[in-house]
Amino acid sequence: MTESTQAQPKAHLLEALRALPANGSPEWLKQIRSSGASLFEQTPFPHTKMEEWRHTNIAPIVQTDYAPLTGPTAHGLTREDAAPWSFAAQGWPEIVFVDGYFAPELSSLDALPEGVVLASLHDALAGPEAAHAEQHLNRYLRDRNAYTALNSALIQDGLYLRAAKNAAPETPLHVLYLTSARGADTAANVRNLVILEQGAQVQLIESHGALPGAPQYLNNIVTEAALAPNARLEHYKVVSEADAGNHLATTETRLDRDSYYGAFGFSFRGQIVRNQVCVRLEGENAECNLVGLYLNDRDRLLDNALDITHVVPHCRSRILYKGILGDASKAVFAGKVHVHREAQQTDSDQLSNNLLLSDTATIDAKPQLEIYADDVKCTHGATIGSPPEEVVFYFRSRGIGEEMARAMLTYGFADEIVDEVEIEPLTERLNDYIFEKYSPIR
Amino acid sequence: MTTTSESLETAKYKGSRVEESNRAAAEAANQKYKYGWETLIESDTMPPGLNEDIVRAISAKKNEPEWMTEWRLKAYHAWRKLAEPTWAKVHYEQPDFEALSYYSAPKQKEKKKSMDEVDPELLATFEKLGIPLDEQKRLANVAVDAVFDSVSVMTTHKEILAKKGIIFCSISEAIQDHPEIVKKYIGSVVPQNDNFYAALNSAVFSDGSFAYIPKGVKCPMDLSTYFRINQGGTGQFERTLIVAEEGAEVNYLEGCTAPMRDEHQLHAAVVEIYAHANATVRYSTVQNWYAGDEQGKGGVFNFVTKRGNCAGNNARISWTQVETGSAITWKYPSCILKGDNSVGEFYSVALTNNYQQADTGTKMIHLGKNTKSTIISKTISAGHSDNSYRGLVRINPKASNSRNYTQCDSLLIGNQCGAHTFPYLDVRNSTSSAEHEASTSKVSEDQLFYCQSRGIGTEDAISMVINGFCKEVFDHLPMEFAVEATKLLDLSLEGSVG
C-alpha cells in the first residue's frame, strides 16, 4: 500500500466533514464533532504494522473511498422488507435504522415500557433528553482508532436508550440496523448511546442485516454504554451483513458498582467484520460476561477484539468465545485483560475455542493478560483444532455417516454459546441459522 | 555458603532435592550476590565504537579466514540498517553502541597444554565460581569449556570426546580447524540480518562454543560452558553453534554468573542448533547475571537470540532455561520444526525481583507433518519487577496433524510487580490442534497456612511453594543444574518474601 493511495480517502473524508451542516446542534455537540475531526486527522488509518491490527488487514476498507452518508437515504423499505430480522411479532418495542438513519415508519415504539426512552439519537438531542445525552455522549469512548474518531466527527444519528432508575422492562428491546440497496461505496455512521440508571435492568437485542441488492458498503458503529450502580444490561448483537458489506464496530462500556454487563456477540456474515468490545470495571463488585460465536467462511475476515480493564478491586470478568472457520476464511481473536495495581481480588477467566474446518482457514488467537495486582485469580486459555477423529469414529461405529457426524459435532460446538441466550425467540433464530449452515440435509 | 561443587556432591550423594532446597532456603536470608568481584587481569581492549575497521580488526585479531571476515562485514552492514526492537514490554535506557568496546581478551602468550601453565589468578576465578577445573575432571562426568571473557582458556575431556569423533571447542578454534563445518552451518539458523542484536553479534562475536556430534553418536557426557563477563564497559558477544548429525544425541549446559557493576553491561548472544534427522539436542541454561541492586541500579542487559532447527525428520530440540539474573532479559529460544515428526520443547522458569524486567518466551514454527511442541513457562515476579511471557505458535498449512500444548503460569509476590502474558496462536491447518492455558495467582494463603500449621516457617513455606510451582521445569534440568536453580530462586527472592 503506497502512501498516496492511503491518503486519498482521508483527504476526501476531511472535505466531507467540513461540508457537514451544523443542523443547529448545541455547542457541546459541535465540540465533540470537531475534536473527533481533529483526532481523525492526526490518527493514521489502521495498518498491519500496528500491533493491534497485525493480523487484521483492513486495507480493502482503507483503500476504498467510502463516501459518508450525511442524510437519510430514499430506501422506500416497508415493514415486509424488514420482516426477516424483525421481532415485531413478539410485540417487543423495536427501533429500526436504515443506512444509519432512523426509520420511524418501520419502528414500533408506541407502547414503551415505563421508564424507558427508546429513540433516535438525533431526536433525543433535539428534545428534553439532550441534558442526559450531554452527560454521557463521548465520555467513554477512548482514542481507539481512526474510524472511531471519524465516528465522533460524524455523529448524526443512532440509538438512544435510557432506562430510568429501577426501570425493568419485561420484554427485550430490539434495535435493527438495515442496509438497503443504497449507492455503492457509501459508509453509514452509527452512534449509539445506552444509559442505564441505578438499578435499571434491560435486555437489548441489536441486529444488523442487509437487503438483497446491497452493494459494497461500510458500517462504522460506535456504541457507548454507561451502567450506574446495580444496573444490569444484557446486550445481544447479531451481525449478518451482506456478502460485500463491511462492519467496524466498537462498544465501550463503563460499569459502576454492583452492575452487570453481558455482551453476547454473534457474527455470521460480512466481508470484513470487526467487533471491538471494551469494558471498564470502575465500580467494586461489578461483573462483565463477554460471550461470542463467530461463523466464518469464504474469504471473509472476522476480528473479535476484546479489552477488559479492571480498575477497582472485587470485580469479575469472563470471556467465552467460539469460532468455526471454513473455506479460506480468517479470524482473529484478541482478548486482553488488564488488571490495575489497585484491582485486588479480581477474578477473571478467558477462553477461546476454535474449530477449523478447512486447511485454508486461518485463526490467530491472542489471549493476553496484563496484571499488576498480586491477589488475583486470572486464567486464560485457547484451543484450536478440528473435531477429533476418535469422536467421529464413535459416531460412525454407531451408524452415523461421517458427514452427519461432523455436522452434529459442529452444531454441538456452537450450541454451547447459543445456550447462554435466555431469550427464546432469539435462541430459535440463532439455532435456525446455525442448523441451516452446517446441516448436511439441505 | 556452599559452592557449586559442594552442591554437586550433595546432589550426587544425598540425592534429595527437597532437603537441599530447604537448607538453601534457610540460608537464603543472608545471601548477597556472591559472585561480585573482579579479577584484575591485564586485557587488551579495542577502542570504543563500531565501524568496518573494528570488525576487520576483531577478525584479524582472531586470525580468521577471509570468508569469515566477509561474513562479519555483511552482518555489520545489516546491523547498520536495522533498528533496535521496541515491542517488548521492557523499559531501559538504550545502550550507546558507539561507546562500547567490542573486544577484550585476557592476555595470553600461547595456548596452555596443562593446568600448571594457566594463570593462577584465572584459576582462582574459576574456584570462586565453583568450577575448579581439576576437580571437574575427576568429580563430574562433564567436559567444561570455560570461557573467561571472550577467549577460551581451557578445555577438558577433549580426548574422550575426540575418540567418539565429537568436536567440542571454542568457535574461534573451530573456525581455524574445521572451517568447512562452521562455514556450512553458521548463520543457517539465525541469519546475520535476523534482528538487531543477532546482527550485532554476527559482526563482532568474540568467542563461544562449538559442538559437532557426528552421525549416530550419543555424546557420553553433558557438554558444559561457563560464561563470564569480566571487563568493565565491554559487551560480551557469545556465539554458540551446535550441530547434531543424523541420529546424534547431546545434552548441552550453559551457566552464567557476572561480577557486580554499576554501569549496565550489554550481552547479545546468539545460539544456533542444527539437528539432522533423528538427532536430539537438549539445551539447558541457568542464567544468573548481575541483576542490579535493590534500587534497580546496574545490571546486565541480556538480549539473546536462540534458535534451533529440527531440519530432519524425527529430530528433537529441547530448551530448558532458568532465568533469575539480568536487569533486562529479552530472550526467545525458538524451534523451527521443519522435519516431519520433529519435536520442539521449551521449559522455562523466569524470576524477576527488585527492578528487573524480563520479556521472554518462545516461538514454535510448525512446518513439517506430525510435528509436536510443548511449552511450559513459569514466571515469578516480586518487588517492582515486570515479567512477561511472549510466545508464538504457528502451524503452517502443510503441517498436518501437528500438536501444540502451551501452559504459562505466573506467580505474583507483592503488589508492586507485574505479570503479563502475550501468547500468539496462529493456526492454518485443520488437522492440527493448539492448546493454550495460562493462569496468574499469588502464593495461596491456604498453602502457607497448611505449612505453618505443621511448623514450617513462612520463608521456608514460600520457598517450598515456589519450588513446587517450578517443579515441572526443574524436572527437565540435569541434576546439578536443578540443585543450582533451586538455590538461585531462593537467592533472587531474598528479602521479598515473608
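This write-up is about the structure you can find in this document. Bear in mind the structure is a predicted one, so any value in this text is a computation, not a measurement.

Residues and elements named next belong to chain A. Here helix α9 (residues 402–418) crosses helix α10 (residues 424–438) at 160°, and the two axes come no closer than 10 Å. With respect to α10, the element α9 is oriented roughly antiparallel. Crossing geometry of α9 relative to α10 is assigned as right-handed. Residues A407, T410, Y411, A414 and V418 of α9 form the contact with α10, whose participating residues are T427, L430, N431, I434, F435 and Y438.

A word on the interface of chain B and chain A. Contact with chain B, which involves 31 residues of that partner, is made by 32 residues of chain A. Looking at the side of chain B that touches chain A, the elements that each hand over two or more residues are β23 (418–427) and β24 (433–442) of chain B. Counted by class, the side of chain B that touches chain A contains 12 nonpolar, 14 polar and five charged residues. For strand β20 (residues 377–385) of chain A and β24(B), the ladder comprises seven bridges, and the chain directions are antiparallel. Note on β24(B): the bridge partner recorded for A:H380 is B:A438.

Attention now moves to unusual backbone geometry. All names here are of chain B. Phi at N278 takes a positive value of approximately 60°, unusual for a residue other than glycine. Tracing the backbone through its elements, the reader meets N278 in the loop between β11 (270–275) and β12 (280–288). Since 21 C-beta atoms lie within 10 Å of it, N278 is described here as buried. Of note, N341 is a non-glycine position whose phi angle comes to about 60°, a positive value. Along the chain, N341 falls in the loop between β16 (334–337) and β17 (343–352).

To continue, consider the pairing of strand β15 (residues 328–331) of chain B. Residues and elements named next belong to chain B. Side chains I328 and W330 project from β15 onto one buried face, and the interleaved T329 and K331 project onto a second face that is buried too. Note: strand β13 (residues 300–310) against β15, four bridges, orientation parallel. Among the inter-strand pairings, V304 is bridged to a residue of β15, identified as K331.

Attention now moves to the pairing of strand β20 (residues 372–381) of chain B. Residues and elements named next belong to chain B. Here β20 lies mainly inside the structure; eight of its 10 residues are buried. Of the strand pairs in this sheet, β17 and β20 are connected by 10 bridges, and their pairing is parallel. Bridged to E345 within β20 is T374. Here β20 runs beside strand β22 (residues 403–412); their pairing, made up of 10 bridges, is parallel. If you follow T374 over to β22, its bridge partner there is Y405.

The rules behind each value
Residues numbered from 1 in each chain as written. Chains lettered and ligands numbered in written order. Predicted model: local features only at pLDDT ≥ 70, side-chain atom pairs only at ≥ 80, totals over all residues. Axes fitted to C-alpha atoms, helices over the stretch in contact; angles between N-to-C directions. Helix = DSSP H or I, 4+ residues; strand = E, 2+ residues; numbered from the N terminus. Parallel < 35°, antiparallel > 145°, perpendicular 65-115°, else oblique. Left-handed = near helix turned anticlockwise from the far one by under 90°. Contact = placed C-beta atoms within 7 Å. Nonpolar A, V, L, I, M, F, W, Y, C, P; charged D, E, K, R; others polar. Pairing = 2+ DSSP bridges. Buried ≥ 20, exposed ≤ 12 C-beta atoms within 10 Å, placed from the backbone.

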